[in-house]
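Fold and geometry: a report
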Amino acid sequence: MGSSFKAGVALVALVAASAAAAEQHEPALSGTLRIFSDMSNPAPRAVIEGLAREFDQMHDGLTVDLTVIDREAYKTQIRNFLSANPPDVANWYAGNRMAPYVDAGLFMDISDVWEGDLSDQLASTKAAMTMDGKQWGVPYTYYQWGVYYRADIYEENGIEPADDWDTFKSNCQTLLDAGVKCFTIGTKFLWTAAGWFDYINMRTNGYDFHMALTNGEVEWTDDRVRQTFANWRELIDMGAYIDDHTAYSWQEALPFMLNGDAAAYLMGNFAVAPMREGGLTDAQLGYNQFPAINPEVELAEDAPTDTFHIPSGATNPEAAKAFLRYVTSPEVQTRINQPDALGQLPVNSESSVADDKFLKAGFETLSSNSPGGIAQFFDRDAPAEMAKVAMEGFQRFMVRPDDLDMVLDQLEKARQRIYE
Amino acid sequence: MTTATLPQSRVRRSWWHRNQIAVTPWLFLAPGILFFAVYVILPIFQSVGISFTQWDGLGAPEPVGLANYRELWDDPAFYTSLRNNVIWLLLYLLAIPAGLFIALFLNQTVTGIRIYKSLFFFPFVISQVVVGLVFTWFYDPAFGLLNIMLGWIGLGPINVLGDPAYVTYGIILAGLWPQTAYCMILYLTGLNAVNPELIEAGRLDNAKGWRMLRHVVLPQLRPATFIAFVVTIIGALRSFDLISIMTNGGPFGESRVLSFYMFEVALSEYGFRMGYGAAIAVVLFLIMLCFIAYFLWSMWREEQGR
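Since this is a predicted model, take the numbers as computed values, not measurements. (Residues numbered from 1 in each chain as written. Chains lettered and ligands numbered in written order. Predicted model: local features only at pLDDT ≥ 70, side-chain atom pairs only at ≥ 80, totals over all residues. Heavy atoms only, no water.)

**What to know about the interface of chain B and chain A**
- In this assembly, 31 residues from chain B lie in contact with 31 residues from chain A.
- Area buried by chain B at its contact with chain A is led by Leu58, Phe252 and Tyr270 of chain B, which between them contribute 34% of it.
- For the interface between chain B and chain A, the tally reads five salt bridges.
- Among the ionic pairs, Glu385 of chain A bridges to Arg273 of chain B, the shortest N-O distance being 3.3 Å.
- Inspection of the chain B/chain A interface yields 12 residue pairs in polar contact (both at pLDDT 80 or more).
- Elements represented by at least two residues in the side of chain B that touches chain A include exactly helix 12 (241-246) and helix 13 (258-267) of chain B. (Contact = heavy atoms within 4.5 Å. Buried area = accessible area lost by both parts, 1.4 Å probe. Salt bridge = Lys/Arg side-chain N within 4 Å of Asp/Glu carboxyl O. Polar contact = N/O pair within 3.5 Å; in protein donor to acceptor, adjacent residues only side chain to side chain. Helix = DSSP H or I, 4+ residues; strand = E, 2+ residues; numbered from the N terminus.)

**Considerations on the packing of aromatic side chains**
- A full pass over the atoms with the stated rule returns 57 aromatic pairs over all chains.
- On the basis of an interplanar angle of 80 degrees and a centroid distance of 5.8 Å, the ring pair of Trp196 of chain A and Phe290 of chain A is categorised as edge-to-face. Here Trp196 of chain A is found in helix 10 (residues 191-205), whereas its partner Phe290 of chain A is found in the loop between strand 10 (285-288) and strand 11 (300-302), with 94 residues between them in sequence. Both residues of the pair, Trp196 of chain A and Phe290 of chain A, belong to the buried class.
- Judged by centre distance (5.5 Å) and plane angle (50 degrees), the rings of Phe138 of chain B and Tyr139 of chain B are tilted.
- In this structure an aromatic cluster arises from ring pairing among Phe36, Tyr74, Phe81, Trp92, Tyr93, Tyr101 and Phe107 of chain A.
- When the ring centre of Tyr276 of chain B is taken as origin, the NZ or CZ atom of Arg273 of chain B, which lies over that ring, is 4.3 Å away. (Phe/Tyr/Trp six-rings, centres within 6.5 Å; stacked < 30°, edge-to-face > 60°. Buried < 20%, exposed > 50% of the residue type's maximum accessible area, 1.4 Å probe, protein only. Lys NZ or Arg CZ within 6 Å of the ring centre and 35° of its normal.)

**Thoughts on the environment of Leu218 of chain B**
Residues and elements named next belong to chain B.
- Topologically, Leu218 is positioned in helix 10 (residues 209-220).
- Along the sequence, Leu218 and Leu191 sit 27 residues apart, while their C-alpha atoms lie 9.4 Å from each other.
- If we skip the residues at most four places from it in the chain, Leu218 touches Leu100 and Leu213.

**What about the domain arrangement of chain A?**
All names here are of chain A.
- Considered domain by domain, chain A is made up of domain 1 (2-142 + 304-351) and domain 2 (145-302 + 373-418).
- Contact with domain 1, which involves 10 residues of that partner, is made by 12 residues of domain 2.
- When the two sides are added together, the surface that domain 1 and domain 2 hide from each other amounts to roughly 880 Å², 47% of it contributed by carbon and sulfur.
- Three residues stand out in domain 1 for area buried against domain 2, namely Asn96, Arg97 and Pro304, and they jointly supply 61% of the buried area on that side.
- The partner of Arg380 in a salt bridge is Asp306, with the nearest N and O atoms 3.3 Å apart. (Domains from an automatic or database assignment.)

**Some words on the environment of Phe120 of chain B**
All names here are of chain B.
- Checked against the element boundaries, Phe120 lands in helix 5 (residues 113-125).
- Along the sequence, Phe120 and Leu106 sit 14 residues apart, while their C-alpha atoms lie 9.3 Å from each other.
- Contacts of Phe120, omitting those with residues within four sequence positions, involve Ile102, Leu106, Ala181 and Met184.

**Brief notes about the pattern of salt bridges**
- A full pass over the atoms with the stated rule returns 35 salt bridges over all chains.
- Measuring nitrogen to oxygen at the nearest pair gives 2.5 Å for the salt bridge that ties Glu234 of chain A to Lys169 of chain A. Separated by 65 residues along the polypeptide, Glu234 of chain A in helix 12 (residues 223-238) and Lys169 of chain A in helix 9 (residues 165-177) bring together distant segments of the chain.
- Residue Lys169 of chain A is classed as buried on the basis of its relative accessible area, which comes to 16%.
- Where salt bridges share partners, they join Arg396, Arg400 and Asp403 of chain A together with Arg83 and Glu254 of chain B into one cluster.

**Notes on the nonpolar core**
All names here are of chain A.
- By size, the foremost hydrophobic cluster in this structure holds 74 residues, and its most contacted members are Trp196, Trp220, Trp232, Phe290, Phe378 and Phe394.
- In this view, Phe378 contacts Ala194, Phe197, Asp198, His210, Thr214, Trp220, Ala387, Ala390, Met391 and Phe394; residues no more than four positions away in its chain are not counted.
- Counting 64 residues, the second-largest nonpolar core is a separate cluster that includes Trp92, Tyr101, Met108 and Trp114. (Core = buried A, V, L, I, M, F, W, Y, C linked by side-chain atoms within 4.5 Å.)

**Points about the pairing of strand 3 (residues 89-93) of chain A**
All names here are of chain A.
- For strand 3, a buried count of five out of five residues is recorded, marking the element as mostly surrounded by other parts of the structure.
- Two strands pair when backbone bridges link them, and strand 1 (residues 31-37) and strand 3 are joined in this way by two bridges, in the parallel orientation. Paired with Phe36 across the two strands is Ala90, which belongs to strand 3.
- Where strand 3 meets strand 12 (residues 305-309), four bridges bridge the pair, whose relative direction is antiparallel. Its bridge partner being in strand 12, Asn91 is matched across the sheet by Phe308. (Pairing = 2+ DSSP bridges.)

**Brief notes about the sheet that holds strand 1 of chain A**
Residue and element names in this part refer to chain A.
- Pairing within the open sheet is mixed, and its five strands lie in the order 2-1-3-12-6. Where the open sheet ends on each side, the last strands, each with one partner, are strand 2 (62-68) and strand 6 (138-142). For this sheet, the mean angle separating the axes of adjacent strands, direction not counted, is 25 degrees.
- In the packing of helix 3 (residues 71-84) onto the sheet, contacts are made with strand 1, strand 3 and strand 12, and the angle to strand 3 comes to roughly 120 degrees. (Axes fitted to C-alpha atoms, helices over the stretch in contact; angles between N-to-C directions.)

**Details of helix 17 (residues 357-368) of chain A**
Residue and element names in this part refer to chain A.
- Taking 1.5 Å as the rise per residue, helix 17 with 12 residues should run 16 Å; its terminal C-alpha atoms sit 16 Å apart, in good agreement.
- Looking only at helix 17, the buried set comprises Phe358, Leu359, Gly362, Thr365 and Leu366. Down the axis of helix 17, the buried set is contained in an arc of 125 degrees. They therefore lie on one face.
- On its buried face, helix 17 is in contact with strand 6, strand 7 (145-150), helix 14 (272-277), strand 10, strand 11 and strand 13 (373-375). (Expected span 1.5 Å × (residues − 1). Arc of directions from axis to C-beta.)

**Description of the state of the cysteines**
All names here are of chain A.
- Summed over the entire model, instances satisfying the criterion amount to one disulfide over all chains.
- Disulfide pairing places Cys172 opposite Cys182 at an S-S distance of 1.9 Å. The disulfide joining Cys172 to Cys182 has a torsion of about 85 degrees about its S-S bond and is therefore right-handed. Of this pair, Cys172 sits in helix 9 while Cys182 is found in strand 8 (residues 181-183), placing the two residues 10 residues apart along the sequence.
- Among the residues examined, Cys182 registers a relative accessible area of 1% and is labelled buried. (Disulfide = S-S within 2.5 Å.)

Printed below as a string of structure tokens:
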């Protein structure tokens with residue numbers, strides 16, 4: 001009697017344990033999981049290699065085969081390998097940048113991965129992964145944009161970071177009078193100018209208008225767009241930006257800030273690491289949300305999201321889906337977004353943000369100070385072709401503000417062709 | 001015995017024998033012709049075909065007739081690229097007189113002349129990417145050598161690569177550096193073949209300096225000049241790497257040439273309009289065809305003349 005009771009308890013426990021195991025692993029994964037990744041910079045590379053190794057060890061029957069491709073080269077190679085030699089998991093970006101592959105049927109619909117808890121945990125980025133009401137991938141990291149400023153220079157000149165447009169401009173005037181440029185920027189590769197457009201447009205006309213514009217629903221010659229450029233022009237006419245910015249990449253524009261020739265930089269959080277390496281202490285460097293321009297519109301932010309997708313030609317989709325669940329789990333999210341790893345924000349709301357001044361501030365901004373919405377970034381929200389034409393227009397406008405009419409006419413012509 | 005086998009082998013051997021001379025060159029040419037046809041001729045026709053379609057490289061191409069060409073006609077970026085191509089063609093030719101001048105200057109017997117020659121030839125040996133990077137730093141508005149030197153005489157700073165007015169000239173100058181070295185080496189070899197007796201005869205007739213160069217030396221350098229023209233014009237039309245390295249086509253597309261514009265439209269990060277890119281390629285091909293036809297024609301005429 002006693003022994004059979006024991007056996008019964010043991011059996012129940014065994015069943016429960018195997019049920020728990022089944023819940024975690026579902027059917028045991030087998031075969032090979034091929035991952036193509038663009039995480040080629042040193043820190044991201046260590047992260048993806050660590051993830052691949054760990055996932056391999058977690059599943060006995062499964063071999064993880066990781067290929068890391070240079071981040072820039074990846075952008076053109078993905079077109080070839082998605083159709084010719086599809087892996088099981090591939091990196092890409094959220095928003096409109098995934099549209100060509102979704103439309104061509106090259107990414108798998110993975111709405112089933114999102115069912116249940118995941119949708120709640122990843123609520124902040126779900127919209128960016130959704131097209132035609134389905135989800136086509138999962139995010140694994142994102143980061144805030146904002147005004148990174150030299151706190152020591154601001155203090156010397158007796159100014160505080162601005163929360164409104166007038167203070168923003170008067171601060172700038174104070175700095176210019178002291179012989180310091182307000183902002184450094186390098187527009188050689190165009191996209192940095194798009195950051196400024198995103199923010200000024202979202203602050204002038206709001207998130208919904210900005211999205212409508214990048215979706216091709218609004219004419220570029222619209223008066224509201226002109227208002228955005230008029231606001232931008234106020235800064236340009238003041239001489240707020242460093243000279244000759246067309247000759248620099250974003251990295252080449254950093255020394256102006258490090259040397260104190262310019263006091264602030266509108267950038268993504270990835271600029272913090274090189275600024276720290278360049279000798280700025282956390283006391284010298286501050287982060288501030290881009291100020292309000294039109295008080296009637298809600299604040300909205302840029303937060304570009306990097307993603308994992310399953311190509312529709314994947315041979316091991318079960319393992320791939322398990323990998324996506326694993327990557328987005330709260331624990332892994334907390335770990336890979338630490339400052340010594342990716343140094344960015346976790347996408348899972350149950351993860352904890354690293355103990356870092358800028359990550360904490362960015363998390364605060366994105367989670368509670370961005371009621372209008374979260375945009376990806378101009379070249380991810382707009383189709384690639386439109387982004388190229390528009391960013392060239394932004395650069396031209398920054399150098400020759402008087403060409404605005406010509407620029408807007410060109411953009412409008414491109415819009416009519418691209419979105420037809 | 002022998003009479004029985006002879007006719008057979010004579011027949012076999014005689015076919016080969018009769019056609020040997022005609023067939024052998026074709027046999028040797030066959031691999032070249034095959035690869036030239038598959039990798040050069042065929043893609044030309046494919047490009048023309050693609051240029052009549054709209055295609056993102058992923059889905060199925062959609063025929064659109066002449067729409068790509070009509071769009072090119074109204075595209076300001078296309079005219080900017082075309083204009084820059086013309087500037088490249090004209091200014092790149094400066095490499096020829098510059099190369100000739102340096103070759104004449106170096107064509108003397110002084111101790112260590114070989115070292116000087118190698119130094120002048122050096123820029124042609126290093127990669128275009130390196131040339132581009134070196135000149136990018138040279139032009140840099142903040143720390144570039146150019147602006148430091150301009151500062152000594154109270155000028156500048158000039159943002160060469162960031163200013164639409166200077167950018168194309170700045171890149172061409174970088175391109176001229178290796179191209180001049182190339183022309184120089186062509187002329188140096190040419191000068192070796194100049195007949196000393198003709199020089200002597202010219203000297204007896206009291207020809208000196210410019211007249212000697214113009215009427216005695218230059219005519220003998222004609223083959224070198226011809227080759228220098230060919231390589232320089234082709235080099236100007238396919239200028240791509242320097243633009244890609246130094247400006248990426250910027251600022252706002254003002255330093256693009258047709259080949260770079262084609263790349264941007266069809267193959268770059270924001271591109272993937274294969275049809276439109278192919279249309280640009282076809283236009284570039286037609287321009288090149290004019291020169292190629294002229295070169296082939298003058299080479300053919302020369303062969304006839306011999």
